[in-house]
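What the coordinates show
One letter stands for each residue in the lines below.
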Amino acid sequence: MNDRELSPRLTAMRDAIAAQVDATGATAGPRRRPRPTRTTVIAVVAAFVLGSGLTGALTAAALPGINGDTALETELATSARYQVEATNHGTLIGTPVFQTDHGDATIPLGRAPERADRVTLSWTCRDATTLTVTVDGTVVGGPTRCHPGSSTPEWAMQPLSASGRTTVTVTSSDASAVYGVWLSWAKAATIARPSAQQAAETADGVVTQDEYTAAFNRLQACLTQAGIPTGTTPLSWFRDGLWSSRPSGQGPWYLYSTPSDGLDVFDTQCSPREFADVDAIWQQEHPMPVDPPAQPSDG
């Protein structure tokens, strides 16, 4: 790949997956973009496979009569790229490797290209089996029971070993079961370190409401400075199945959403610098209700 974009078809697939996942996510609350399910990946990839006139299929049931390897590679590539680029804001580097195999397999990748500091991989099965995946001797996935046609592609991004050479090993409980693996070099995003203010607020392992508010105000100021204003966000409480801005019930929490085009700044700069550690402690001290209504109410 050598830092080039994917073909327009694959780029569109990646963007379509991101749009579909965003569309189904909650609009309130400091929540990460969820991992795309196999259903999401298959639906989007299948649409583009058909639209492009390719003779490939994700599964025999999904698109009968179409070459399985082509679409399996596309599915794994799209899933891995989404995780690296959209969710973790990293960069893929170099030429990817795709391999179908059965039984146990060893995949030597050799020496990493310049700038790469990670290896990323995505895998799934074509036949039922239990897979364990290691990178340079470190288990990054499994043992996981893999069910063809229903299992979400697994994904990992692992730091490179000191030697600079990487070997991926896959072990399978069924020597005849076929699976696919997609691998690429990558560079992780640079994550900001906590500010002195946030470090002081978390030093004792306890976060007060004043500290929680101060950290959130710094988060908003950071986002605004980056051109991503969040607007007025009051504290919200939860009581009797409803959200309220009145101080009664469980909480409080700041409920907010971040525009998709600002997630990289939020995830790599503003949140880790000013809010993430404070918020983690606050959420532990004040667990949010499971599946609450999405929108606060002033009632």
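Counting of residues starts from 1 at the beginning of each chain's written sequence and follows it residue by residue. Predicted model: local features are reported for residues with pLDDT of at least 70 only, side-chain atom pairs are reported and counted for 80 or more only, and whole-chain, interface and lining totals are derived from all residues. The basis for every side-chain value is the complete set of heavy atoms in the structure, and neither hydrogens nor water enter the calculation.

Focus: unusual backbone geometry
The omega torsion across Gly142 and Pro143 is 0°, close enough to zero to call that bond cis. Counting through the fold element by element, Pro143 comes out in strand E5 (residues 138-146). The omega angle of the peptide bond from Gly251 to Pro252 is 5°, so this bond is cis rather than trans. In this text, helices come from DSSP runs of H or I with a minimum length of four residues, and strands from runs of E with a minimum of two, each type numbered from the N-terminal end. Examined against the element boundaries, Pro252 turns out to sit in strand E11 (residues 250-254). In this model, His89 sits at a positive phi of 60°, which is unusual for a non-glycine residue. Its place among the elements puts His89 in the loop between helix H3 (68-87) and strand E1 (91-102). Unusually for a residue other than glycine, Asp240 sits at a positive phi of about 55°.

Structural notes on the packing of helix H5 (residues 209-225) against helix H6 (residues 263-274)
Between the N-to-C directions of two axes lies an angle of 0 to 180 degrees, each axis being a line fitted to C-alpha atoms and, for a helix, fitted only over the stretch in contact. At their nearest, the axes of H5 and H6 sit 8 Å apart, and the two run at 150° to each other. Seen along the crossing, H5 lies across H6 with a hand that is right-handed. Of the residues in H6, those touching H5 at Ala215, Arg218, Leu219, Cys222 and Leu223 are Phe266, Cys270, Ser271, Arg273 and Glu274. Less than a right angle of anticlockwise turn of the near helix away from the far helix marks a crossing as left-handed, whereas a clockwise turn marks it as right-handed. Residue contacts are counted whenever heavy atoms from the two residues lie within 4.5 Å of one another.

With respect to the sheet that holds strand E6 (residues 154-159)
By definition, two strands form a pair when at least two bridges between them are found by DSSP. A sheet is described by the order of its strands in space; here 4 strands give the open sequence E1-E8-E3-E6, paired in antiparallel fashion. The sheet is open, and its two borders are formed by E1 and E6, each paired with just one other strand. In this sheet, neighbouring strand axes are inclined to one another by 20° on average, regardless of whether the strands run parallel or antiparallel. Pairing analysis gives 6 bridges linking strand E3 (residues 118-125) to E6, with the strands arranged antiparallel. What sits directly across from Thr120, in E6, is Met157.

Thoughts on the sheet that holds strand E4 (residues 129-135)
Sheet architecture is open: 4 strands sit in the order E2-E7-E4-E5, paired in antiparallel fashion. Where the open sheet ends on each side, the last strands, each with one partner, are strand E2 (105-111) and E5. Each neighbouring strand pair of the sheet contributes to a mean axis angle of 10°, computed without reference to strand direction. Bridging between E4 and strand E7 (residues 165-172) involves 5 bridges; their strand directions are antiparallel. Counted as the bridge partner of Thr132 is Thr171 from E7.

Points about the state of the cysteines
The disulfide criterion is simple: two cysteine sulfur atoms within 2.5 Å. Applying the stated criterion across every chain yields a total of 2 disulfides. Two residues, Cys125 and Cys146, share a disulfide whose sulfurs are 2.1 Å apart. Its torsion about the S-S bond being -95°, the disulfide of Cys125 and Cys146 is classed as left-handed. Here Cys125, found in strand E3, pairs with Cys146, found in strand E5; they are 21 residues apart in sequence, far enough to count as distant.

Here we look at the environment of Thr130
Mapped onto the fold, Thr130 is located in strand E4. Linking Thr130 and Ser173, residues 43 residues apart in sequence, is a C-alpha distance of 5.2 Å. Beyond its immediate stretch of four places on either side in the chain, Thr130 contacts Pro143, Thr144, Arg145, Thr171, Ser172 and Ser173.

Remarks on the packing of H5 against helix H7 (residues 276-285)
Between H5 and H7, the least distance of the axes is 10 Å, while the angle of their chain directions is 140°. Relative to H7, H5 is oriented oblique. Between H5 and H7 lies a crossing of left-handed hand. Counting all contacts with H5, which are made through Gln209, Glu211, Tyr212 and Ala215, the residues of H7 involved are Val278, Asp279, Trp282 and Gln283. Charged residues are taken to be Asp, Glu, Lys and Arg, nonpolar residues to be Ala, Val, Leu, Ile, Met, Phe, Trp, Tyr, Cys and Pro, and polar residues to be all remaining types, Gly included. Its residues assigned to classes, the contact of H5 with H7 shows 4 nonpolar, 2 polar and 2 charged. Roughly parallel covers angles under 35 degrees, roughly antiparallel covers those over 145, roughly perpendicular covers 65 to 115, and oblique covers all other angles.

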